Amino acid sequence: MNTPAPLRRLTVLYDAECSLCAFLRDWLLRQSHLVPLELVPAASEEARRRFPGLDHGATLDEITVVGDAGQVYQGPAAWVVTLWALREHRPLAHRLSTPSGALLARGAVLAAAKWRGARWPRGQRGGTQWGGRVYRRADGWSYAPDSGWSYTAPGCADGTCAPR
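In short, a report on the structure. From a predicted model like this one, the values you see are computed outputs, not experimental measurements.

### Quick word on the overall build of the protein chain
Inference 1: On a plain count of helices and strands, the protein chain comes out with 6 helices and 8 strands.
Inference 2: In the protein chain, the succession of helices and strands from N to C terminus is β-α-β-α-α-β-β-α-α-α-β-β-β-β.
Inference 3: Residues classed as buried in the protein chain amount to 35% of the 164 residues present.
Inference 4: Expressed as a percentage of contacts within the protein chain between residues at least 6 apart in sequence, the contacts between residues at least 24 apart total 55%.
Inference 5: Carbon and sulfur atoms make up 56% of the accessible area of the protein chain, which amounts to about 10200 Å² in all.

### Brief notes about the sheet that holds strand E1 (residues 10–14)
Inference 1: Taken together, 4 strands build an open sheet; the order of strands is E2-E1-E3-E4 and the sheet is mixed. Both outer strands of the open sheet, strand E2 (37–41) and strand E4 (72–74), are each paired with one neighbouring strand and no more. Taken over all neighbouring pairs, the strand axes of this sheet differ in orientation by 20° on average, direction set aside.
Inference 2: Note that E1 and strand E3 (residues 64–67) share 4 bridges and pair antiparallel. Within the sheet, the bridge partner assigned to Val 12 lies in E3 and is Val 65.
Inference 3: Across the face of the sheet, helix H1 (residues 19–30) comes into contact with E1 and E2 while running at roughly 160° to E2.

### Side note on the side chain of Thr 64
Inference 1: Position of Thr 64 relative to the elements: it lies in strand E3.
Inference 2: Reaching out from Thr 64, the side chain makes a polar contact with the side chain of Gln 74 at a distance of 3.4 Å.

### A closer look at the nonpolar core
Inference 1: Residues Leu 10, Val 12, Leu 37, Leu 39 and Val 65 are the most contacted members of the largest nonpolar core, which totals 20 residues.
Inference 2: Within the residue set of this core, elements represented by two or more residues are E1, H1, E2, helix H4 (76–84) and helix H5 (90–96).
Inference 3: For this core, the element with the most residues is H4, which contributes 4 residues.
Inference 4: With near-sequence residues (within four places) excluded, Leu 39 lies in contact with Val 12, Tyr 14, Arg 25, Leu 28 and Leu 29.

### Notes on unusual backbone geometry
Inference 1: Phi angles above zero are rare outside glycine, and Ala 43 is one such case at about 65°.
Inference 2: Take Ala 43: it is sitting in the loop between E2 and helix H2 (45–50).

### Comments concerning the environment of Tyr 14
Inference 1: Relative to the helices and strands, Tyr 14 is located in strand E1.
Inference 2: Between the C-alpha atom of Tyr 14 and that of Val 40, which follows or precedes it by 26 residues, the distance is 6.5 Å.

Cut-offs and rules
Starting from 1, residues in each chain are numbered consecutively following that chain's sequence as written. This being a predicted model, a pLDDT of at least 70 is required before a residue's local features are given, and a value of 80 or more before pairs of side-chain atoms are given or counted; all residues contribute to the totals for chains, interfaces and linings. As a rule here, side-chain values cover all heavy atoms of the structure and leave hydrogens and water aside. Put simply, DSSP H or I for four residues or longer makes a helix, DSSP E for two residues or longer makes a strand, and each gets a number counted from the N terminus. Under the scheme applied here, a residue whose accessible area is under 20% of the maximum for its type counts as buried, over 50% as exposed, and between as partly exposed, the area being computed with a 1.4 Å probe on protein chains only. Here, residues are in contact when the closest pair of their heavy atoms is within 4.5 Å. Per-residue accessibility takes into account occlusion by the displayed protein chains alone, with areas from the Shrake-Rupley method and a 1.4 Å probe. DSSP bridges decide pairing: two strands pair if at least two such bridges lie between them. To get an axis, fit a line to the C-alpha atoms, keeping to the stretch in contact for a helix; angles then go from 0 to 180 degrees between the N-to-C directions. Definition of a polar contact: a pair of N or O atoms within 3.5 Å, with one able to donate and the other able to accept a hydrogen when the atoms are protein atoms, and with sequence-neighbouring residues admitted only if both atoms are side-chain atoms. What we call a nonpolar core is a set of buried Ala, Val, Leu, Ile, Met, Phe, Trp, Tyr and Cys residues that are connected through their side-chain atoms within 4.5 Å.

Structure, rendered in structure tokens:
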């Protein structure tokens, strides 16, 4: 029988362009931790270097927490494990890990997603949307007030990238 690895450290990946996410990042940093938390912007170079196997686009859409032994938590489970790491909120995390508590945690995550969606209509979070796909600054999009949105493929600033 395999014994699960203990959690000694958690890395919380958060959307650095989201004001709610930044507020929660700051709140987490002020809390007393039973398990150390590292907060890393989702889809950042650091996140990509540290966790090459993750779908980094998905980490911008949904909170993702990675344990020091490679455990990956997303959505409501990510919130519960993050609360579990906090001294004052571990009892709440235990309540949220029950079947009825999981419904409450899921509702909180959906409410946050709805708030974020209202802030960026039709997925326009830090980028523009074409054909149902969101384009973000991290993907090479930039905005200038006088000329609008423009795209430079990552690593292609000097024009040496092969054409598609």
